[in-house]
Amino acid sequence: MDWTALWLSLRLAGWTVAFLLPVAVLMGRFLACRQFRSKGLVEAVVMLPLVLPPTVFGFYLLVAFGRNSPVGDLWQSLFGHQLVFSFEGLVVASIIFNLPFAIQPAQRGFEAIPPGVREAASCCGMSPLRSLWKVELPLAWPGLMTAMVLTFAHTLGEFGIVLMVGGSIPGETKTIAISIYDRVQGFDDRGAAIMSAVLVAISLFTIALTFWLSSRVGRRLS
């Protein structure tokens, strides 16, 4: 068992969820409550990582984050090391690639709230921010929980983006998915099977916990 790779994958998934949760709340609510001419285009851009092959998406991120790019050059000047082939680069790439897994469930959660609820909150003198915190977030919580678990589970098993942007640097960018691939390439089927089973167990536990929490929230709100 490659515990270093597993811990790195868990860190990557945790940071991705932490950064994407506020993005999912803001973008999900905006897309659910606003109608504008280019809304379909915005939703299509958000969903693009779902249809593009991870290697293709990873190639564009590799070019965008490279040392000769404005983003890569700025990162190099600020932090003294390149963004690609680093853990920070993996986090940024994971955030971008997981946008649809975070935003779409959150959007559906906010869309499920009847418009009259927001109007009632406004009539009671609540500001939009207070209404979001006290009324809408509890009602949209199942969608947000789905967004978090999908993002976490998808990040744990991501391979193509990680390989393209981060490579396979032990302790820095070598995630559990890369480690499994390396074990298979090295004909270590037993090691690959153990790590795959651990990954499946973590994913199942995360999904089951999410369903349990969502059901408790639903009973409390009903």
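Here we summarise the structure given alongside this text. Note that the structure is a prediction, hence the values are computed from the model and not measured.

How each quantity is defined
- Numbering of residues begins from 1 in every chain and follows the order in which that chain's sequence is written.
- In keeping with the predicted nature of the model, local features appear solely for residues at pLDDT of at least 70, side-chain atom pairs appear and are counted solely at 80 or more, and the whole-chain, interface and lining totals rest on all residues.
- Side-chain calculation: all heavy atoms of the structure are included, whereas hydrogens and water are not.
- By convention, a stacked pair of Phe, Tyr or Trp rings (six-membered ring in the case of Trp) has centres within 6.5 Å and planes under 30 degrees apart, an edge-to-face pair has planes over 60 apart, and any other such pair is tilted.
- Think of it in three bands: residues with accessible area under 20% of the maximum for their type are buried, residues over 50% are exposed, and the middle band is partly exposed, with areas taken using a 1.4 Å probe on protein chains only.
- To count toward a patch, a residue needs a relative accessible area over 30% and no salt bridge; like charges are then connected within 9 Å, while nonpolar side chains (Val, Leu, Ile, Met, Phe, Trp, Tyr) are connected within 5 Å.
- Per-residue and other accessible areas follow the Shrake-Rupley method at a 1.4 Å probe size, with only the shown protein chains counted as cover for residues.
- Note on definitions: salt bridges are taken to be side-chain nitrogens of Lys or Arg within 4 Å of carboxyl oxygens of Asp or Glu.
- Axis definition: a line fitted to C-alpha atoms, limited for helices to the stretch in contact. Angles are taken between N-to-C directions and run from 0 to 180 degrees.
- Counting from the N terminus, the helices are DSSP H or I runs at least four residues long and the strands are E runs at least two residues long.
- Geometric relationships in this document are graded by angle, where less than 35 degrees denotes roughly parallel, more than 145 denotes roughly antiparallel, 65 to 115 denotes roughly perpendicular, and other angles denote oblique.
- Residue contacts are counted whenever heavy atoms from the two residues lie within 4.5 Å of one another.
- Under the scheme applied, nonpolar residues are Ala, Val, Leu, Ile, Met, Phe, Trp, Tyr, Cys and Pro; charged residues are Asp, Glu, Lys and Arg; polar residues are all the others, including Gly.
- Take the buried Ala, Val, Leu, Ile, Met, Phe, Trp, Tyr and Cys residues and link them wherever side-chain atoms come within 4.5 Å; each set so joined is a nonpolar core.
- Side-chain atoms alone can form a polar contact between residues adjacent in sequence; in general such a contact is a pair of N or O atoms within 3.5 Å, and within protein one must be able to donate a hydrogen while the other accepts it.

### Let's talk about the packing of aromatic side chains
Thought 1: What the rule picks out here adds up to 6 aromatic pairs.
Thought 2: Ring geometry for Phe30 versus Phe36: centroids 5.3 Å apart, planes at 35 degrees, classification tilted.
Thought 3: The class for Phe36 is partly exposed, based on a relative accessible area of 26%.

### A few points about a nonpolar patch on the surface
Thought 1: A contiguous nonpolar surface patch, about 380 Å² in accessible area, is contributed by Val56, Phe59, Tyr60 and Val63.
Thought 2: On the basis of relative accessible area, Phe59 is assigned to the partly exposed category, the value being 43%.

### Some remarks on the packing of helix H5 (residues 87-97) against helix H6 (residues 99-111)
Thought 1: Two elements in contact, H5 and H6, have axes separated by 5 Å at closest approach and are oriented at 40 degrees. For the element pair H5 / H6, the angle class is oblique. Contact residues: Ile95, Ile96 and Phe97 in H5; Leu99, Pro100 and Phe101 in H6.
Thought 2: Across the contact of H5 with H6, the residue classes tally to 6 nonpolar, no polar and no charged.

### With respect to the pattern of salt bridges
Thought 1: The final tally for this structure, using the stated rule, is 4 salt bridges.
Thought 2: A salt bridge links Arg108 to Glu111; its shortest N-O distance comes to 3.1 Å. Within this pair, Arg108 and its partner Glu111 are both found in helix H6, separated by 3 residues, close to a single helical turn.
Thought 3: Residue Arg108 is classed as partly exposed on the basis of its relative accessible area of 42%.

### A few points about the environment of Leu156
Thought 1: For Leu156, the location among the structural elements is in helix H8 (residues 128-157).
Thought 2: Placed 143 residues apart in sequence, Leu156 and Ala13 show a C-alpha to C-alpha distance of 6.1 Å.
Thought 3: Leave out the neighbours within four places in its chain, and Leu156 touches Ser9, Leu10, Ala13, Ile176, Ala177, Leu199 and Ile202.

### Examining the nonpolar core
Thought 1: Ranked by internal contacts, the top residues of the largest apolar core, which has 20 residues, are Val25, Phe110, Leu137 and Leu144.
Thought 2: Elements supplying a minimum of two residues to this core: helix H1 (3-33), H5, H6 and H8.
Thought 3: Element by element, the count of residues in this core is highest for H1, at 6 residues.
Thought 4: Residues in contact with Leu137, not counting those within four places in the same chain, are Val25, Phe110, Leu132 and Leu144.

### Side note on the environment of Gln76
Thought 1: Here Gln76 is to be found in helix H4 (residues 70-79).
Thought 2: Taking relative accessible area as the criterion, Gln76 reaches 27% and is therefore assigned partly exposed.
Thought 3: Sequence separation between Gln76 and Gly66 is 10 residues; the distance between their C-alpha atoms is 9.7 Å.
Thought 4: Excluding anything up to four places from it in sequence, Gln76 contacts Arg67, His81 and Gln82.
Thought 5: At 3.0 Å, the side chain of Gln76 forms a polar contact with the backbone nitrogen of Gln82.

Function cannot be inferred from these measures alone, as they are strictly geometric.
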